[in-house]
Amino acid sequence: MAPTTDPRQTTWLNRAGRVGLVAGLVATGAWVSITLLRRPTIRDLDPYTVVVQQQALRGTVVATGTVEPVRQVNLSPPQPGIVAAINVEEGEQVRAGQVLVVMDGGDLPMRIKERQALLTQAEEELALREEELLRQQGLVETGALSQLALSQLESRHRAQQSQVAASRQRLQGLLQEQTGLTVQAPFDGLVLERFAEPRSYVTPSGNANDATRTSLLTIGTGHQLVAALPDNEVGRIRLNQAATVVLDAFPNQSLDAQVKIIAPRSQVNDNVITFDVTLAFLTGNSQLRYGMSGDVQLFTEELSPTPVVPIVAVVTRSGQSGVYVVGREDQPTFRSIALGYSSGSSIQVLDGLELGERVFIDWPTWARQPRERN
């Protein structure tokens, strides 16, 4: 007799087979997942890091400066007085000798006319005295006039000459005073500031810090940059040293410059000692304006070859300068370093890094954020 199969047994076997298959697939998936997790991820470090290289940087001193006139003067009247007219406005170009301001002379024109009339009268009187003296000299030769009378005529002639000279001198003084009523431009330049208005009273006092009361106008010419350098850096600067200037108004334009003047005396502001260094622009820019500020790089000595990193890679952590190097599982790891001089976009590393190491210049997407990152 052929064996018979229990239908319930067949159903149980089918179910057990399906369960075993599913369990096998789950186990296989788990093994694959664990294997992939244990396998190290290959990450592209190039977009986020640079390699530490050795380079001989050119030493630089960095400072901020302001565009100022090469020549500048505050114009004041020689004597206190009332302003009659101002012929120029701020920002106007002027020429040497141009009359910029006219002061009120009061009754000076009338006094000049009176003095001119008196001088004319005195000169006419002197002419008459000279004619009379010539006639009388002839009479003395013929014996018709005594020598004593001639001497009296000569004395009156000399007195009249003195009167003419004195009158001419007084007139010259008035004319000189009239000349002082006009203030002229001493050189070609630009009107930088205007302090007075018509009918205002100006009293020159010699106090340069009170230009609003002692001056009429300020004019300037030429462009230069004046930068304040700390006293520990000024010793690296020499006359005619090359430099580049980048003004805030033109961030994409670099202007060549050269050291023209190093101040012989320091200035102290808020207990900080600085020296003014004046630079002449070697490249022109018609858009330069007085008061523009910017950064200046002064190129000094060539430094010895050392490891260098980009300045953007340097961070400060707990008051210590350092960089983030590639650590375990490509995680950025902070390392303190000793820094030297900077030049352009690079800076010397005196200690803490080896050639060929990689430092981060940008924070990678896979990295954990540090607790403190400046």
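These figures come from a predicted structure and were not determined experimentally. (Residues numbered from 1 in each chain as written. Predicted model: local features only at pLDDT ≥ 70, side-chain atom pairs only at ≥ 80, totals over all residues. Heavy atoms only, no water.)

*Asks:* For unusual backbone geometry, give the residues involved together with the corresponding values.
*Replies:* The backbone of Arg 199 sits at a positive phi, close to 80°, despite the residue not being glycine. Structurally, Arg 199 is set in the loop between strand 9 (189-194) and strand 10 (201-202). Relative accessible area serves as the criterion here: at 54%, Arg 199 is assigned to the exposed category. Not every positive phi belongs to a glycine, and Asp 330 is a case in point at roughly 60°. Inspection of the secondary structure assignment puts Asp 330 in the loop between strand 20 (320-326) and strand 21 (332-336). Overall, the relative accessible area of 19% leaves Asp 330 in the buried class. (Helix = DSSP H or I, 4+ residues; strand = E, 2+ residues; numbered from the N terminus. Buried < 20%, exposed > 50% of the residue type's maximum accessible area, 1.4 Å probe, protein only.)

*Asks:* Lay out the sheet that holds strand 6 (residues 93-94) in plain terms, naming residues and giving numbers.
*Replies:* In a beta sheet, neighbouring strands pair by backbone hydrogen bonds and run either parallel or antiparallel. Ordered in space as 4-11-9-6, the 4 strands form an open sheet in which the pairing is antiparallel. The two strands at the open ends of the sheet, each matched to only one other strand, are strand 4 (71-75) and strand 6. The pairing of strand 4 with strand 11 (residues 217-221) spans 5 bridges and is antiparallel. Note on strand 11: the bridge partner recorded for Val 73 is Ile 219. (Pairing = 2+ DSSP bridges.)

*Asks:* Hey, could you go over the pairing of strand 9 for me, with residue numbers and the actual values?
*Replies:* Relative to strand 9, strand 6 runs antiparallel, the two sharing 2 bridges. For Val 94, the partnering residue across the bridge sits in strand 9 and is Gly 189. By the bridge criterion, 4 bridges tie strand 9 to strand 11 in an arrangement that is antiparallel. Across the sheet, residue Arg 194 finds its bridge partner in strand 11, namely Leu 217.

*Asks:* Which residues make up empty space enclosed by the protein, and what values do they have?
*Replies:* This structure, assessed with the given rule, holds 1 cavity of 30 Å³ or more. Surrounding the largest cavity, Arg 129, Glu 132, Leu 133, Leu 153 and His 157 form its lining. Those elements that place two or more of their residues in the lining of the largest cavity are helix 2 (108-142) and helix 3 (147-179). With 3 residues, helix 2 is the single largest residue contributor to the lining of the largest cavity. Grouping the constituent residues of the lining of the largest cavity by class yields 2 nonpolar, 1 polar and 2 charged. (1 Å grid on protein atoms, 1.4 Å probe; cavity = no way out; pocket = protein on both sides within 12 Å on 5 of 7 lines; lining within 4 Å. Points joined across faces, edges and corners; volume = space filled by probe spheres on them. Nonpolar A, V, L, I, M, F, W, Y, C, P; charged D, E, K, R; others polar.)

*Asks:* Describe the environment of Gln 161, and please don't skip the residues or the numbers.
*Replies:* Mapped onto the secondary structure, Gln 161 falls in helix 3. On the basis of relative accessible area, Gln 161 is assigned to the partly exposed category, the value being 36%. Other than its neighbours up to four places away in sequence, Gln 161 contacts Leu 126 and Glu 130. (Contact = heavy atoms within 4.5 Å.)

*Asks:* Kindly report on the nonpolar core, identifying the contributing residues and their values.
*Replies:* Counting 26 residues, the largest nonpolar core has Val 83, Ile 86, Val 88, Leu 100, Val 101, Leu 216 and Leu 217 as its most contacted members. Looking at this core, the elements that each hand over two or more residues are strand 5 (81-86), strand 7 (99-103), helix 2, helix 3 and strand 11. In terms of residue count, helix 2 provides more of this core than any other element does, 5 residues in total. Apart from residues lying up to four places away in sequence, Val 101 is in contact with Val 83, Ala 85, Ile 86, Leu 181, Thr 182, Val 183, Leu 216 and Leu 217. The next biggest cluster of nonpolar side chains, apart from the first, holds 21 residues, and it includes Val 67, Phe 250, Ala 257 and Val 296. (Core = buried A, V, L, I, M, F, W, Y, C linked by side-chain atoms within 4.5 Å.)

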